[in-house]
Amino acid sequence: MSGTGGRAADGGVGAHLRRFQERYEPVFTRMLLLAIFVIGLTAQFVKPVGDALEDKAFLGGALLSLVGYVLYDTVKDLSATLRRPPRVQVESRELGIFVNDAFRAREVEITFLGYTGETLCNEMFHRLEKLLEDPGPTRHVSVRVLIPDFGQEMTVPARVGEDDAPVDDPDFRRRIESKCKEYDETLSGIAERLNGLRRVSAECEYRVYPGIPRDKICIFNREVVLHGLYNVAARTMLRSAGPEFYDPKGYRTDLSVWSRGAGDDAKAVVATWNKHLDDLWKLSFAPGWRRGPGG
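Residues numbered from 1 in each chain as written. Predicted model: local features only at pLDDT ≥ 70, side-chain atom pairs only at ≥ 80, totals over all residues. Heavy atoms only, no water.

**Student:** Even after reading the chapter, I still don't get the overall build of the chain, so can you show me in this structure?
**Tutor:** What the chain contains, in helices and strands, is 8 helices and 11 strands. Per-residue burial for the chain yields a buried fraction of 37% across its 295 residues. Counted over contacts in the chain with a minimum sequence separation of 6, partners at least 24 positions apart contribute 71%. As presented, the chain carries roughly 17,900 Å² of accessible surface, and 55% of it is formed by carbon and sulfur atoms. (Helix = DSSP H or I, 4+ residues; strand = E, 2+ residues; numbered from the N terminus. Buried < 20%, exposed > 50% of the residue type's maximum accessible area, 1.4 Å probe, protein only. Contact = heavy atoms within 4.5 Å. Areas by Shrake-Rupley, 256 points an atom, 1.4 Å probe, with all protein chains shown as cover.)

**Student:** Hey, could you run me through the pairing of strand 7 (residues 215-220) in this one?
**Tutor:** For a regular strand, side-chain orientation follows a simple rule: the groups alternate between the two sheet faces. Counted residue by residue, strand 7 has 6 buried out of 6 residues, so it is predominantly covered. In this structure, strand 2 (residues 107-113) lies alongside strand 7, joined through 4 bridges in antiparallel fashion. Pairing of Ile110 across the sheet is with Phe220, part of strand 7. The pairing of strand 7 with strand 8 (residues 224-229) spans 6 bridges and is classified as antiparallel. By the bridge assignment for strand 8, Ile219 is matched with Val225. Connecting strand 7 to the next strand, strand 8, in antiparallel fashion are 3 residues, including Asn221 with a positive phi near 55 degrees. (Pairing = 2+ DSSP bridges.)

**Student:** Looking at this model, I keep getting lost on helix 7 (residues 264-283). Mind explaining?
**Tutor:** Owing to its 3.6 residues per turn, the α-helix brings residues three or four apart onto one side. Taking 1.5 Å of rise per residue, 20 residues should cover 28 Å, and helix 7 covers 29 Å from first to last C-alpha, within 8% of that figure. Every buried residue of helix 7 is listed here: Ala266, Val270, Trp273, Asn274, Leu277, Asp278, Leu280 and Trp281. For helix 7, the angular spread of buried residues about the axis comes to 165 degrees, placing them on one side. Opposite the buried face of helix 7, by more than 90 degrees, sit the exposed residues Asp264, Asp265, Thr272, Lys275, Lys282 and Leu283. Buried residues in helix 7 make contact with strand 2, strand 3 (140-148), strand 6 (201-209), strand 7, strand 8 and strand 11 (254-259). (Expected span 1.5 Å × (residues − 1). Arc of directions from axis to C-beta.)

**Student:** I keep staring at the sheet that holds strand 9 (residues 235-237) and nothing clicks. Help me out?
**Tutor:** Strand pairing in a sheet relies on backbone hydrogen bonds. The paired strands run either parallel or antiparallel. Here 4 strands make up an open sheet; going across it, the order is 5-4-10-9 and the pairing antiparallel. With partners counted over all chains shown, the strands left at the sheet margins are strand 5 (166-167) and strand 9, one partner each. Bridge analysis of strand 4 (residues 158-160) against strand 10 (residues 244-246) gives 2 bridges, and the strand direction is antiparallel. When the bridges of strand 10 are listed, Ala158 appears paired with Tyr246.

**Student:** So what exactly am I meant to see when it comes to the nonpolar core here?
**Tutor:** As a rule of thumb, soluble globular proteins bury nonpolar side chains together. One finds Phe103, Met124, Leu128, Val141, Phe220 and Leu226 to be the most contacted residues of the largest nonpolar core, which totals 44 residues. When residues of this core are assigned to their parent elements, the largest contribution, 8 residues, is made by helix 6 (residues 170-197). Sequence-distant contacts of Leu226, defined by excluding residues within four places in its chain, comprise Val90, Leu95, Phe98, Lys216, Ile217, Cys218, Phe220, Leu255, Ser256 and Val257. Counting 11 residues, the second largest nonpolar core, distinct from the first, contains Tyr209, Ile219, Val225 and Leu277. (Core = buried A, V, L, I, M, F, W, Y, C linked by side-chain atoms within 4.5 Å.)

**Student:** Hey, could you run me through the state of the cysteines in this one?
**Tutor:** Two cysteines whose sulfur atoms are joined by a covalent bond form what is called a disulfide. What the rule picks out here adds up to 0 disulfides. Its sulfur unpaired, Cys180 is 9.8 Å from the next cysteine sulfur, which belongs to Cys121. (Disulfide = S-S within 2.5 Å.)

**Student:** Sorry if this is basic, but what is going on with the side chain of Asp184 here?
**Tutor:** With respect to the helices and strands, the residue Asp184 is situated in helix 6. Exposure remark for Asp184: the relative accessible area of 2% places this residue in the buried category. Side chain to side chain, Asp184 and Trp289 meet in a polar contact 2.8 Å long. Those residues in contact with Asp184, other than ones at most four positions away along the chain, are Cys204, Glu205, Tyr206, Trp289 and Arg290. (Polar contact = N/O pair within 3.5 Å; in protein donor to acceptor, adjacent residues only side chain to side chain.)

**Student:** Can you walk me through the packing of helix 4 (residues 95-102) against helix 5 (residues 118-133) in this structure?
**Tutor:** Geometry of a packed helix pair, given as the angle between the helix axes and the separation of the axes. Helix 5 packs onto helix 4 with a crossing angle of 40 degrees between their chain directions and a minimal axis gap of 10 Å. Judged by the inter-axis angle, helix 4 sits oblique to helix 5. In the crossing of helix 4 with helix 5, the sense of the turn from one axis to the other is right-handed. Contacts from Leu95, Gly96, Val99 and Asn100 in helix 4 reach Thr119, Leu120, Glu123, Met124 and Arg127 in helix 5. Here the residues of the contact of helix 4 with helix 5 are counted per class, giving 4 nonpolar, 3 polar and 2 charged. (Axes fitted to C-alpha atoms, helices over the stretch in contact; angles between N-to-C directions. Parallel < 35°, antiparallel > 145°, perpendicular 65-115°, else oblique. Left-handed = near helix turned anticlockwise from the far one by under 90°. Nonpolar A, V, L, I, M, F, W, Y, C, P; charged D, E, K, R; others polar.)

**Student:** Honestly, helix 6 in this entry has me stumped. Any pointers?
**Tutor:** Compared with the 40 Å implied by 1.5 Å per residue over 28 residues, the 41 Å span of helix 6 between its first and last C-alpha is a close match. Inspection of helix 6 places Phe172, Arg173, Ile176, Cys180, Tyr183, Asp184, Leu187, Ser188, Ile190, Ala191 and Leu194 among the buried residues, and these make up the whole buried set. The N-cap residue of helix 6 is Asp169: its side-chain oxygen and the backbone nitrogen of Asp171 are 3.2 Å apart. The positive-phi residue at the C-terminal boundary of helix 6 is Arg198, with phi of around 65 degrees.

**Student:** Got a minute to help me understand the packing of aromatic side chains in this structure?
**Tutor:** Ring pairs (aromatic) are described by centroid distance and by the angle formed between their planes. Summed over all chains, the structure comprises 5 aromatic pairs. With 4.2 Å between their ring centres and 10 degrees between their planes, Phe172 and Phe245 make a pair best called stacked. Linking Phe172 in helix 6 with Phe245 in strand 10, this pair joins segments that are 73 residues apart in sequence. Residues Phe172 and Phe245 agree in their burial class; the two are buried. Clustering of aromatic rings is evident, with ring pairs tying together Tyr115, Phe150 and Tyr230. (Phe/Tyr/Trp six-rings, centres within 6.5 Å; stacked < 30°, edge-to-face > 60°.)

Interpretation in functional terms is not warranted from these geometric data alone.
What follows is the structure, given as structure tokens:
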């Protein structure tokens, strides 16, 4: 008990000293800089003071002190900003920030792996439309979207059966697939319009892979990776009296962020995800709506 009390007391004194420092350090620093300025300026114009302090290097020092006095708060705030750690997690609804950042580049490359691509498509649609009027620095856009193959039997998405067991539901799968087709046609349509203007070349393509929507991954210009896990047990109802379906909600998915500029560990993670999605893209294939009736 006594040891615990001693630690608490030490913490209290330490906290008090920190508060004292935070309160009086700025005041003391300003007073010191102002004093140096006043003395230097006086030494320049009052000969006895100048003789006492020697030579005429005081005006420059006085001016520098004044600059330091004026910029002190700015430098202090900047230092505090630089000490803030980078964000390591974002919400899916913040994807637009990363999309806008990506389009500042001349060559834009965005790769997505997920459920339907709805969240990304909504952000991409508006950004691509802006290129029709003002391409800015962008000259080429490549968008690759990987989604599960909804033409196959699936456990997610699926209907919730007895004892919560997933039951494959072809109608529900076709409903999800029709959404993906709409997003694909929307992005591809804008890409065709951009190519027609010949100011920006663009390619937007959906492909499918066997599996369930577990991971949500966004890669921007091969530099920044966002990764999260869908809640595969999330449920939805199409009608109040209808059945429930296992239907992940992408917009509710939190995403971890890695950037190549954040250190060697982050750089290695980004390289791993780039290779993984490149390999998965090579092994994927066109969805049914692109292959046509004959497959």
